[in-house]
Amino acid sequence: MKRLGKKQLSIPKGHPIMHVPAGRADFVRRSILAAAGIIWISSADIMVYAAEEAENGYNQKIESNYSNIEETHSAKTELSVGCALEDGEIGYVALGDSIPNGYCANGEPEMVNYPNLLVSDLRELGGDCVEFSQFTKNGLSAKKMNKTMLQEEEVLHELETADVVTLTVGANDLMNEFKKVAREILNNEKKFHDVYEALDALQEGISENPLLLVKCAGALGDWDYASFEKEWVAVVETINEQRPSQSQFVVTTIYNPVEQMELPGTLNVVVEKVISKMNETIYVHAEEYDYQIVDLFDSGIGSCTQSDGLHPNQEGQELIHDLIVGELELDAFSNEKRSEAIEEQKEMEEAAKAAMENARRAKAEKRKRIVKYIGFTVLGVCIVLVIGVVLKRKI
């Protein structure tokens with residue numbers, strides 16, 4: 001009888017196993033243990049490999065998500081040194097009223113407005129790859145811009161790929177208020193066609209009744225600035241929501257459009273105070289909506305107007321252009337800067353490809369090792385089986 005743990009195994013007398021030589025039995029045991037060791041080591045490596053593969057799969061998924069984020073980030077930040085458009089063009093959108101529209105009064109020669117002057121600068125820096133979109137209209141106010149222009153799909157679409165946005169609006173809000181006040185003061189049922197008509201009627205009325213000047217000044221001074229602020233914020237908010245975050249956005253303040261006109265009494269002083277309040281609104285929201293400001297109020301542009309005394313002449317357009325250029329970082333669009341950005345992008349892509357290739361090779365080497373382990377395991381099992389068969393026959 002031979003005791004095995006708590007159970008007993010009965011082996012009949014004369015059974016062949018009782019006659020196995022001790023050395024041969026010991027060899028069999030050692031062979032079995034060696035094979036078991038090989039299997040155990042291989043199994044452990046296979047399990048480690050499987051665990052690493054699972055972890056790599058998870059990491060690849062995470063890295064893929066982060067890669068998508070990084071690509072989006074790169075597309076945004078690339079604007080500071082390149083172009084928003086996929087084909088490498090510089091996108092410029094000009095928005096505003098008759099000033100950027102290049103309005104010419106009767107008898108005035110044709111001129112080049114400041115947006116087209118700026119386009120020439122961009123083409124000198126970046127070649128001919130400039131996509132220029134001009135959305136300007138005579139008589140446009142901030143209120144009307146919100147209701148019409150900034151509701152158009154074409155305008156919103158062009159803003160989405162703009163590298164530079166310029167905005168000039170607000171003077172007509174003042175003009176419309178002036179016409180409204182003049183009409184109310186004079187009890188005129190007919191609407192004034194333009195500010196000149198309103199001014200002539202007001203001057204005539206004041207000459208007959210000087211007290212109308214006080215009423216007019218008081219009415220203008222009590223203008224609801226909150227209404228203009230609401231419209232202004234709506235304009236820049238819409239533009240800001242559409243344009244790329246790294247694009248350059250420049251706005252102009254309002255200059256005194258009636259500076260060269262002979263307004264009755266102290267009315268010009270009142271108008272300048274109103275304009276100062278409007279410009280204050282523009283300055284207050286500059287940081288919130290990330291735009292640069294070109295100050296036209298103190299620029300001396302009043303002496304660079306056409307015969308109508310309102311709109312800038314060619315010299316005035318060039319003055320606005322020069323002031324805007326002073327606020328823009330035009331070097332960002334130079335061919336040299338763009339070439340540097342492209343080269344840097346290529347280097348990053350090549351480094352990423354090299355890293356992926358190294359990872360692929362390392363993974364292939366690990367697979368080869370696993371195949372070898374599996375081969376050794378199978379070989380070891382086969383050896384044990386062969387030894388067992390041979391021993392059984394000899395026994």
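Preceding this section is the structure that the text describes.
The residue numbering used here restarts from 1 in each chain and proceeds along that chain's sequence as written. Local features in this predicted model are restricted to residues whose pLDDT is 70 or higher, and side-chain atom pairs enter the listing and the counts only when it is 80 or higher, whereas totals over whole chains, interfaces and linings include all residues. Hydrogens and water are ignored here; the side-chain numbers use all heavy atoms of the structure.

Engineer: Which parts of the structure should I look at to understand the overall build of the protein?
Structural biologist: We count a stretch as a helix when DSSP gives it H or I for four or more residues in a row; a strand needs E for two or more, and each element gets its number in order from the N terminus. Within the protein, the regular secondary structure consists of twelve helices and seven strands. Here's how the labels work: a residue is buried when its accessible area is under 20% of the maximum for its type, exposed when over 50%, partly exposed in between, all with a 1.4 Å probe on protein chains only. Split into buried and exposed, the 395 residues of the protein put 37% on the buried side. What makes two residues a contact is simply this: any of their non-hydrogen atoms within 4.5 Å. Nonlocal contacts in the protein, meaning residues at least 24 apart in sequence, comprise 77% of its contacts between residues at least 6 apart. Of the roughly 23,400 Å² of accessible surface on the protein, a fraction of 53% belongs to carbon and sulfur atoms. For every accessible area listed, the method is Shrake-Rupley and the probe measures 1.4 Å; residues are considered covered only by the protein chains on display.

Engineer: Which parts of the structure should I look at to understand the nonpolar core?
Structural biologist: Among soluble globular proteins, nonpolar side chains are generally buried collectively. Take the buried residues of types Ala, Val, Leu, Ile, Met, Phe, Trp, Tyr and Cys, join any two whose side-chain atoms come within 4.5 Å, and each joined set is a nonpolar core. Residues Leu 95, Met 145, Leu 167, Leu 220, Trp 232, Ile 239 and Tyr 291 are the most contacted members of the largest nonpolar core, which totals 54 residues. Apart from the residues lying within four places of it in its own chain, the contact partners of Leu 95 are Pro 100, Phe 135, Thr 136, Met 145, Met 149, Val 155, Leu 159, Val 165, Thr 166, Leu 167, Thr 168 and Ile 239. The next biggest cluster of nonpolar side chains, apart from the first, holds 21 residues, and it includes Tyr 114, Leu 122, Val 294 and Cys 304.

Engineer: Mind showing me how you'd approach the pairing of strand E3 (residues 90–96) here?
Structural biologist: If a strand is regular, its side chains alternate between the two faces of the sheet. Across the seven residues of E3, seven count as buried, placing the element largely inside the fold. Here E3 shows a buried face lined by Ile 90, Tyr 92, Ala 94 and Gly 96 and a second buried face lined by Gly 91, Val 93 and Leu 95. One ladder, built from five bridges, connects E3 with strand E5 (residues 164–168); its direction is parallel. Residue pairing in the sheet places Val 93 in a bridge with Val 165 of E5. When DSSP finds at least two bridges between two strands, those strands are taken to pair.

Engineer: Just checking my understanding: could you explain helix H9 (residues 225–242) for this structure?
Structural biologist: What sets the pattern is the α-helix's 3.6 residues per turn: residues three or four places apart point alike. With 18 residues, H9 should cover 26 Å at 1.5 Å per step; its first-to-last C-alpha distance of 26 Å lies within 8% of that length. Listed as buried for H9 are Phe 228, Glu 231, Trp 232, Val 233, Val 235, Val 236 and Ile 239. Helices are assigned an expected span. That span is 1.5 Å times one less than the residue count.

Engineer: Would you mind going over the side chain of Glu 158 with me for this structure?
Structural biologist: Here Glu 158 shows up in helix H5 (residues 153–160). Charge assignment: positive for Lys and Arg, negative for Asp and Glu; neither His nor the chain ends contribute. Salt bridges are defined as contacts in which a side-chain nitrogen from Lys or Arg sits within 4 Å of a carboxyl oxygen from Asp or Glu. Salt bridges are absent for the buried Glu 158, whose nearest opposite-charge side chain, Arg 123, sits at 12 Å. Those residues within four positions of Glu 158 in sequence are excluded, and the remaining contacts are Val 93, Glu 131, Ser 133 and Phe 135.

Engineer: Just to check I follow, could you spell out the sheet that holds strand E6 (residues 248–252) for this structure?
Structural biologist: Two orientations exist for strands paired in a sheet by backbone hydrogen bonds: parallel and antiparallel. Ordered in space as E4-E3-E5-E6-E7, the five strands form an open sheet in which the pairing is parallel. Of all the strands in the sheet, just strand E4 (130–136) and strand E7 (292–294) have a single pairing partner and so form its edges. Direction aside, the axes of adjacent strands within the sheet are offset by 15° on average. Here H9 sits on the sheet and contacts E3, E5 and E6; the angle it forms with E5, its principal contact strand, is near 170°. Only the stretch in contact is used when fitting a helix axis, every axis being a line fitted to C-alpha atoms; angles between N-to-C directions are given from 0 to 180 degrees. Contacts from helix H11 (residues 314–327) reach E5, E6 and E7 within the one sheet, and its direction differs from that of E7 by about 155°.

Engineer: How should I be thinking about the packing of aromatic side chains in this particular structure?
Structural biologist: Two measures describe an aromatic ring pair: the distance that separates the ring centres and the angle between the ring planes. Whether two aromatic rings pair depends on their centres lying within 6.5 Å, for rings of Phe, Tyr and Trp, where Trp uses its six-membered ring; planes under 30 degrees apart make the pair stacked, over 60 edge-to-face, and the rest tilted. Counted under the stated rule, the structure contains four aromatic pairs. Between Phe 249 and Tyr 291, the aromatic rings sit 5.7 Å apart at their centres with planes inclined by 70°, giving edge-to-face as the arrangement. Taken as a pair, Phe 249 in strand E6 and Tyr 291 in the loop between helix H10 (267–284) and E7 lie far apart in primary sequence, 42 residues in all. For Phe 249, a relative accessible area of 2% gives the class buried. Members of the aromatic cluster, joined through ring pairs, are Phe 228, Trp 232, Phe 249 and Tyr 291.

In short, shape yes, function no, at least from these values alone.
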